[in-house]
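Chains, contacts and geometry: an overview
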Amino acid sequence: MKVKIITEGYLQEGSGPYVSLEDSINDFIKDKELIDIKYQISSAGGFFEAFHQVIIMYEDKKETADKPVVEKLKEEKADLDKKIRKLKAFLNDDEKLSSIGEEQVKLLRLQLETMERYSDILWARLDDLEETE
């Protein structure tokens, strides 16, 4: 969640152009996912009659769209890395390897290499997505 505070002073009637707070708010939120808006007005002396303050709580639509992808990639990579550790442990256990045959050992080593390459690709994707934030 992010917060934007817009403060504008409305000029007294007859002393200048009327500043549109509504236009400022609408322009700001047009590409945001709105969470909440709080509004406050306070009186002040001098040239300005009142100050209007708006607090906008929002999510950036692009960030919101990317976050589920990033989170899914992180989960997928964590799961894959756990499987890689288990396979490495299995391949380092000579007693277990002797019971499965040479062809299976070769295939498991190839599987491990492929899984490690896949993990590297997931890491590169995560790095690229997090750089653009």
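Regarding the packing of aromatic side chains
In the structure shown here, the tally under the stated rule is 1 aromatic pair. Positioned above the aromatic ring of Phe28 is the side chain of Lys32, whose terminal nitrogen or guanidinium carbon lies 4.6 Å from the ring centre.

Regarding the pattern of salt bridges
Applying the stated criterion to the full structure yields 8 salt bridges. With its nearest N and O atoms 3.0 Å apart, the salt bridge here joins Asp36 to Lys38. Its relative accessible area of 28% is what places Asp36 among the partly exposed residues. A salt bridge links Glu116 to Lys88; the shortest N-O distance between them is 3.2 Å. Taken together, the positions of Glu116 in helix H4 (residues 102–131) and Lys88 in helix H2 (residues 61–91) put the pair 28 residues apart, joining distant regions of the chain. The partly exposed category is assigned to Lys88, whose relative accessible area is 37%.

Some remarks on the side chain of Lys77
Among the secondary structure elements, Lys77 is positioned in helix H2. For Lys77, a relative accessible area of 15% corresponds to the buried category.

Regarding helix H1 (residues 21–29)
Buried within H1 we find Leu21, Ile25 and Phe28. What you see down the axis of H1 is that its buried residues fit within an arc of 70°, all on one side. Counted as exposed and oriented over 90 degrees from the buried face of H1: Glu22 and Asp23.

Side note on the confidence of the model for the protein
Across the protein, pLDDT averages 81, with 77% of residues at or above 70. For the protein, the element scoring lowest by mean pLDDT is strand E1 (residues 2–11), at 71; H4 scores highest, at 93.

Thresholds applied
Residues numbered from 1 in each chain as written. Predicted model: local features only at pLDDT ≥ 70, side-chain atom pairs only at ≥ 80, totals over all residues. Heavy atoms only, no water. Phe/Tyr/Trp six-rings, centres within 6.5 Å; stacked < 30°, edge-to-face > 60°. Lys NZ or Arg CZ within 6 Å of the ring centre and 35° of its normal. Salt bridge = Lys/Arg side-chain N within 4 Å of Asp/Glu carboxyl O. Buried < 20%, exposed > 50% of the residue type's maximum accessible area, 1.4 Å probe, protein only. Helix = DSSP H or I, 4+ residues; strand = E, 2+ residues; numbered from the N terminus. Arc of directions from axis to C-beta. pLDDT = per-residue confidence, 0-100.

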